[in-house]
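Structural characterization, general
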Amino acid sequence: MAKLAGVSVATVSNVFIGRKHVSEELTHKVKDAAERLNYSPNHIARCLSLGRSNIIGIVITDYVNPFHMEILRGIENYAKRRGYIVVTFLHENCENTDDVVNYDAMQVDAILNFTTNVVSESFINSLVSERTVFVDFGRSRGISFVQDHVLAMDTAMKRLRELGHKKVGFISLVDKKRFDQDQRGVAYRKLLEKYGFCGDENLVVYNDDFTLKSEMAGYLCGQTFIEKNPDATAVFVMNDLAAFGFYRLLYEKGLRVPDDISVVGFDGVNMLQYATPRLSTISFDKFQFGNLMAEKVIDCIERGDRGIGLEYGSQSSFLEQESVGKAKI
C-alpha cells in the first residue's frame, strides 16, 4: 500500500495509528490507496503498537434502561470515529461477589460506571491496568460527569407554585443518606423553602432495596407515598422509568394525572413522551452527553492522564408536558 500511495511505510502507519501528524495531501493518498486495495487496519496490531487496548468498558446493571442506552449510543458514536471499541459488562448483583464474572483475558483503557450500586473490586481488577481511566467512581479516582439539575428543578418548582400546589413530594430511588447527598435531594429541600412549600419529612419516600428495577421501585415506593401523603398534589420521581411505575399505581388506585396529582420525572427518556399523559421531566441531551463523555475520556487515554479530579457537566432543562396541571382544590 505504501508503494501504491507513493509514501513510506512509516507514513502509512502514522495515518492509521495517529502517533504523528500527517499532511492532508499524504493522508488522502494513503486512504485512497487503502480503498483501492480494500484494506482496513488490524485492530489488534494497532493496539499492540500503541500499547493499549482501544477498548472503553461500561459497567451496567440493566440492559433495558433506555436512559443509559441513549447515552451509550452517543459514546459509541464518538468513540468509533476515534478508533475505539465500546464494550458493556453486565454487573447485576453487585453485593454477591461469588456471582461476579471476571474478565482476566481483557483489559480496558477506560471503565465507565453506569450503576448506582457498589461495583466489586474483584470485578474491576479483572478489567483494568495501572493506566486505566476511571469514570464516575468518585473524584479521587478519576473523571466525573454530572447532570446539573438545579436550575431546571427551580423552574419546575416555580411552575408548580404558580399552579397552586402546596404539598410537593419526592419519590427517591435511594436511601436517605444518599438522597441527602444527591444534587436532586439537596435542591429539592432548598426549593421547598424558597417557594414556601410544606416541608413535612413524610413527603420524601426513600428506597432501601437497590435490587429493584426503577419501574418497580417507583410502583412500590409510590404506594408508601400515597399512603403517607393522600393530600399531596405534586411529586418528583427520581427517574422517568420510576415515574412510569408510579403511573401504573395511580391508575390502579383510580387517581388521575394531573387532575389528582402532578408528576415530574428526571432524565427525559424519549420513549416516555409516549406515555399517557405525556410525562413532564427534567431533561437533557443524552446523545450529546455521551459524545462529551467519550471525547474527554479518549483525550485522557491518549495523553496518558487518568483524569483524577476532572469534572464535566451538562445543563438540564424542565420539559413541561401533560402530567403537570393545576392543584386540585
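None of these values were measured; they are calculated from a predicted model.

Here the focus is the overall build of the protein. Counting its regular elements, the protein contains 12 helices and 12 strands. Of all 329 residues assigned to the protein, the portion counted as buried reaches 52%. Accessible surface for the protein amounts to roughly 16,600 Å². Of this, 50% is attributable to carbon and sulfur atoms.

Here we come to the sheet that holds strand β10 (residues 280-283). Pairing is mixed across the open sheet formed by six strands, whose spatial order is β7-β6-β8-β9-β10-β12. Each end of this open sheet is capped by a strand with a single partner; those strands are β7 (204-205) and β12 (317-319). As judged from the three bridges shared by strand β8 (residues 234-237) and strand β9 (residues 262-267), these two strands associate in the parallel manner. The residue of β9 that forms the bridge with F236 is V264. Contacts between helix α10 (residues 214-228) and the sheet are confined to β6 (168-171), β7 and β8, with β6 contributing the most and set at about 150 degrees to the helix. Lying over the sheet, helix α11 (residues 240-252) contacts β6, β8, β9 and β10, oriented at roughly 155 degrees with respect to β9.

Per the stated rule, a full pass over the model turns up 17 salt bridges. With a closest N to O distance of 3.1 Å, R82 and D299 form a salt bridge. Of this pair, R82 sits in the loop between α5 (66-81) and β2 (85-90) while D299 is found in helix α12 (residues 286-303), placing the two residues 217 residues apart along the sequence. On the basis of relative accessible area, D299 is assigned to the partly exposed category, the value being 25%. Here E252 and R248 are joined by a salt bridge, their closest N and O atoms 3.1 Å apart. Remark: R248 and E252 occur in helix α11; sequence separation between them is four residues, near one turn of the helix. Exposure remark for E252: the relative accessible area of 42% places this residue in the partly exposed category. Looking at R248, the relative accessible area reads 47%, which means it is partly exposed. It is possible to trace a salt-bridge network through shared partners that takes in K176, D180, R189 and E201.

Evaluated as defined, the whole model comprises 13 aromatic pairs. Here F67 and F284 contribute two aromatic rings whose centre-to-centre distance is 6.0 Å and whose plane-to-plane angle is 75 degrees, an arrangement assigned as edge-to-face. Here F67 is found in helix α5, whereas its partner F284 is found in the loop between β10 and α12, with 217 residues between them in sequence. Assessed through its relative accessible area of 10%, F67 is described here as buried. Centre to centre, the rings of F179 and Y188 are 6.5 Å apart; their planes meet at 65 degrees, and the pair counts as edge-to-face. An aromatic cluster of at least three residues, connected via ring pairs, comprises F170, F179, Y188, Y206, F236 and F266. The ring of F266 carries R184 above its face, with NZ or CZ at 5.8 Å from the centroid.

In this model, α5 (16 residues) spans 23 Å end to end at C-alpha, consistent with the 22 Å of a helix rising 1.5 Å per residue. Among all positions in α5, only P66, F67, H68, E70, I71, L72, G74, I75, Y78 and A79 are buried. Tucked inside the fold, the buried residues of α5 contact β1 (55-60), β2, β3 (110-113), α11, β9 and α12. One or two residues past the end of α5 sits G83, with phi positive at roughly 80 degrees.

How each quantity is defined
- Residues numbered from 1 in each chain as written.
- Predicted model: local features only at pLDDT ≥ 70, side-chain atom pairs only at ≥ 80, totals over all residues.
- Heavy atoms only, no water.
- Helix = DSSP H or I, 4+ residues; strand = E, 2+ residues; numbered from the N terminus.
- Buried < 20%, exposed > 50% of the residue type's maximum accessible area, 1.4 Å probe, protein only.
- Areas by Shrake-Rupley, 256 points an atom, 1.4 Å probe, with all protein chains shown as cover.
- Pairing = 2+ DSSP bridges.
- Contact = heavy atoms within 4.5 Å.
- Axes fitted to C-alpha atoms, helices over the stretch in contact; angles between N-to-C directions.
- Salt bridge = Lys/Arg side-chain N within 4 Å of Asp/Glu carboxyl O.
- Phe/Tyr/Trp six-rings, centres within 6.5 Å; stacked < 30°, edge-to-face > 60°.
- Lys NZ or Arg CZ within 6 Å of the ring centre and 35° of its normal.
- Expected span 1.5 Å × (residues − 1).

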